Amino acid sequence: MLGLNISGVALADTPKDSVKAAFVYVGPVGDHGWSYRHDVARKELEDTFGDRLTTTFLENVGEGADAERVFTSLALQGNDIIFGTSFGYMDAMATVAAKFPNVKFEHATGYKQGPNFANYGLKLYQARHIQGIVAGMMTKTNKICYVASFPIPEVAREINTFYLGAKKMNPDVKLQIVWVYTWYDPSIEADAAKAMIDQGCDVLAQHTDSPAPLQTAETMGVHGFGQASDQSAFAPRAQYTGTIDNWGPYYTTRIQQVLDGTWTTGDYFGDISEGAVGMAPFANLPDDVIATATSIRDQISAGTYFAFTGPLNKQDGTVFLAKGEVATRLQLDTMDFYVEGVEGKFPN
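Model, not experiment: these values are computed from the prediction.

Conventions we followed
- Residues numbered from 1 in each chain as written.
- Predicted model: local features only at pLDDT ≥ 70, side-chain atom pairs only at ≥ 80, totals over all residues.
- Heavy atoms only, no water.
- Helix = DSSP H or I, 4+ residues; strand = E, 2+ residues; numbered from the N terminus.
- Rg over C-alpha atoms; globule rule 2.2 N^0.38 Å.
- Buried < 20%, exposed > 50% of the residue type's maximum accessible area, 1.4 Å probe, protein only.
- Contact = heavy atoms within 4.5 Å.
- Lys, Arg positive; Asp, Glu negative; His and termini not counted.
- Charge placed at Lys NZ, Arg CZ, Asp CG, Glu CD.
- Salt bridge = Lys/Arg side-chain N within 4 Å of Asp/Glu carboxyl O.
- Disulfide = S-S within 2.5 Å.
- Expected span 1.5 Å × (residues − 1).
- Pairing = 2+ DSSP bridges.
- Axes fitted to C-alpha atoms, helices over the stretch in contact; angles between N-to-C directions.
- Parallel < 35°, antiparallel > 145°, perpendicular 65-115°, else oblique.
- Left-handed = near helix turned anticlockwise from the far one by under 90°.
- Right-handed = clockwise from strand over helix to strand, strands pointing away.

A.B. asks: Can you help me understand the overall build of the protein chain in this one?
C.D. replies: If you tally the helices and strands in the protein chain, you get ten helices and 14 strands. Expected size for 348 residues packed as a compact globule is a radius of gyration near 20 Å; at 20 Å, the protein chain falls within 12% of this value. For the C-alpha atoms alone, the extent of the protein chain along its principal axes is close to 60 × 45 × 40 Å. The proportion of buried residues among the 348 residues of the protein chain is 57%. By sequence separation, contacts in the protein chain at least 24 residues apart represent 68% of the contacts at least 6 residues apart. Distance from the positive charge centre (26 side chains) to the negative charge centre (40 side chains) of the protein chain: 3 Å.

Pasting the structure below:
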């Protein structure tokens with residue numbers, strides 16, 4: 001178990017012989033992306049803790065009122081800890097947590113906290129920046145593209161860091177973005193990818209959860225990146241690399257803390273240096289591109305390279321970061337704009 005840096009205030013508790021934990025997913029566990037990776041970690045927990053842990057999960061749970069009903073039901077069923085794994089669950093979980101002070105609630109990718117309400121996330125933008133480095137070096141048309149889900153801070157910062165990586169390597173690169181307003185709909189994701197490829201895009205990224213965009217890239221003879229997991233099995237000739245979300249160490253730590261009576265609220269932001277943010281092997285790339293991408297990855301892991309370092313402006317030309325200034329966690333968690341150079345209007 002990794003020694004994770006989770007800041008917060010202790011919630012007085014007593015050790016337990018066993019723990020009951022529930023996981024709530026916004027998509028299907030078979031999406032081979034976001035929800036799939038959370039469920040991989042849930043299964044790892046069952047292997048690790050055996051009969052000391054009972055887990056349940058609910059998939060395809062809508063955000064808003066649906067989520068509030070689900071969290072309430074799970075609390076009433078006697079779960080000791082409940083994990084909600086989508087940004088849109090934040091307010092619903094905060095409301096339910098206040099009603100059940102003896103249940104521990106954990107929200108992925110948000111920023112709100114309470115005495116029994118923690119948040120957690122991964123610095124997935126670290127891997128996304130490396131994808132941008134690769135995209136900038138590999139595009140022949142100078143047109144790269146992005147299938148985007150919802151205009152939330154996590155998606156905004158990954159679009160921006162992807163573009164910054166590409167622009168670093170190729171000043172002439174242009175980024176096209178299509179917002180599909182879904183986390184998982186293979187047909188819509190594929191259509192968005194095809195439309196951009198038809199317009200000259202030859203390197204494709206995505207922040208949606210099915211392999212459909214990458215499969216479309218393979219069918220149309222271009223390349224791209226896996227989302228949340230290694231999706232090379234679906235598009236072996238198209239995938240350059242892929243982000244791998246590794247939630248297992250965090251979940252293991254938190255379940256052990258509930259067992260020990262030492263759980264604390266607070267926030268966690270998993271780093272590439274601790275293995276929380278992984279990457280699929282580089283493939284279909286020349287050696288010089290692999291060497292450059294590997295070097296950037298090593299610098300990020302060592303803490304000597306950070307994409308969001310000034311001088312950096314917002315799209316409208318106003319200053320986001322002054323020279324030498326590094327973005328704070330709050331700035332990253334509230335990002336709702338494109339950086340300078342990205343074309344199109346950021347959706348409200």
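A.B. asks: Is there a simple way to explain the pattern of salt bridges in this structure?
C.D. replies: Pairing is possible between side chains of opposite charge, provided their charged atoms come close. Scanning the model with the defined rule gives 17 salt bridges in all. Notably, a salt bridge pairs Asp39 with Arg42, separated by 2.6 Å at the nearest N-O pair. Taken as a pair, Asp39 and Arg42 lie in helix 1 (residues 34-49) at a separation of three residues, close to a single helical turn. Using a relative accessible area of 3% as the deciding quantity, one classes Asp39 as buried. The closest approach of N and O atoms between Arg329 and Asp267, which form a salt bridge, is 3.0 Å. You can see Arg329 sitting in helix 10 (residues 329-333) and its partner Asp267 sitting in strand 11 (residues 267-270), a full 62 residues away along the chain. Within the structure, one salt-bridge network assembled from shared partners comprises Asp39, Arg42, Lys43 and Glu46.

A.B. asks: Is there a simple way to think about the environment of Gln131 in this case?
C.D. replies: Its place among the elements puts Gln131 in helix 4 (residues 124-138). Each residue touching Gln131, except ones within four places of it in the same chain, is listed here: Phe162, Ala205, Phe225, Gly226, Thr241, Gly242 and Thr243.

A.B. asks: What is the right way to read the state of the cysteines from this model?
C.D. replies: In total, this model carries one disulfide according to the counting rule given. Paired by a disulfide, Cys145 and Cys201 hold their sulfur atoms 2.0 Å apart. Sign of the S-S torsion, about -65 degrees for the bond between Cys145 and Cys201, identifies this disulfide as left-handed. You can see Cys145 sitting in strand 6 (residues 143-148) and its partner Cys201 sitting in the loop between helix 6 (186-198) and strand 8 (203-206), a full 56 residues away along the chain. Each member of the pair, Cys145 together with Cys201, is buried.

A.B. asks: Looking at this model, I keep getting lost on helix 5 (residues 153-169). Mind explaining?
C.D. replies: Because an α-helix completes one turn every 3.6 residues, residues spaced three or four positions apart along the sequence face the same direction. Taking 1.5 Å per residue, 17 residues should reach 24 Å; helix 5 reaches 25 Å between its end C-alpha atoms and fits that length. Most of helix 5 sits inside the fold, with 14 of its 17 residues counted as buried.

A.B. asks: I'm lost on the sheet that holds strand 7 (residues 174-179) in this one. Help?
C.D. replies: Sheet strands associate in pairs through backbone hydrogen bonding, adopting either a parallel or an antiparallel arrangement. Here six strands make up an open sheet; going across it, the order is 7-6-8-9-10-12 and the pairing mixed. Of all strands in the sheet, those bounded by a partner on one side alone are strand 7 and strand 12 (277-279). Going across the sheet, the axis of each strand differs from the next one's by a mean of 20 degrees, ignoring polarity. Sheet topology note: the strand 8/strand 9 (residues 223-226) ladder contains two bridges and is parallel. Bridging across to strand 9, Leu204 finds its partner in Gly224. Where helix 7 (residues 212-219) meets the sheet, it contacts strand 6, strand 8, strand 9 and strand 10 (239-245), and its direction lies at approximately 170 degrees from that of strand 8.

A.B. asks: Explanation requested: the packing of helix 4 against helix 9 (residues 287-302) in the structure shown.
C.D. replies: The description of two packed helices rests on the angle between their axes and on the distance between the axes. Running from N to C, helix 4 and helix 9 point in directions that differ by 155 degrees, and their axes come no closer than 10 Å. Taken together, the axis directions place helix 4 and helix 9 in an arrangement best described as roughly antiparallel. The way helix 4 lies across helix 9 gives a crossing that is right-handed. Between helix 4 and helix 9, the residues in contact are Gln126, His129, Ile130, Ile133, Val134, Met137 and Met138 and Asp288, Val289, Thr292, Ala293, Ile296, Arg297 and Ile300, respectively.

A.B. asks: Explain the sheet that holds strand 2 (residues 53-58) here, please?
C.D. replies: The strand order across the open sheet formed by six strands is 2-1-3-4-5-11, and the pairing between neighbours is parallel. Each edge of the sheet is formed by a strand with only one pairing partner; in this case those strands are strand 2 and strand 11. Neighbour-to-neighbour, the strand axes of the sheet open up by a mean angle of 20 degrees, direction not taken into account. Two elements, strand 1 (residues 19-24) and strand 3 (residues 81-84), share four bridges in a ladder whose sense is parallel. When the bridges of strand 3 are listed, Val24 appears paired with Gly84.

A.B. asks: Is there a simple way to think about the pairing of strand 9 in this case?
C.D. replies: Successive side chains on a regular strand alternate, one facing one side of the sheet and the next facing the other. Handedness of the crossover joining strand 8 and strand 9 through helix 7 is recorded here as right-handed. Pairing analysis gives three bridges linking strand 9 to strand 10, with the strands arranged parallel. Residue pairing in the sheet places Phe225 in a bridge with Thr241 of strand 10.

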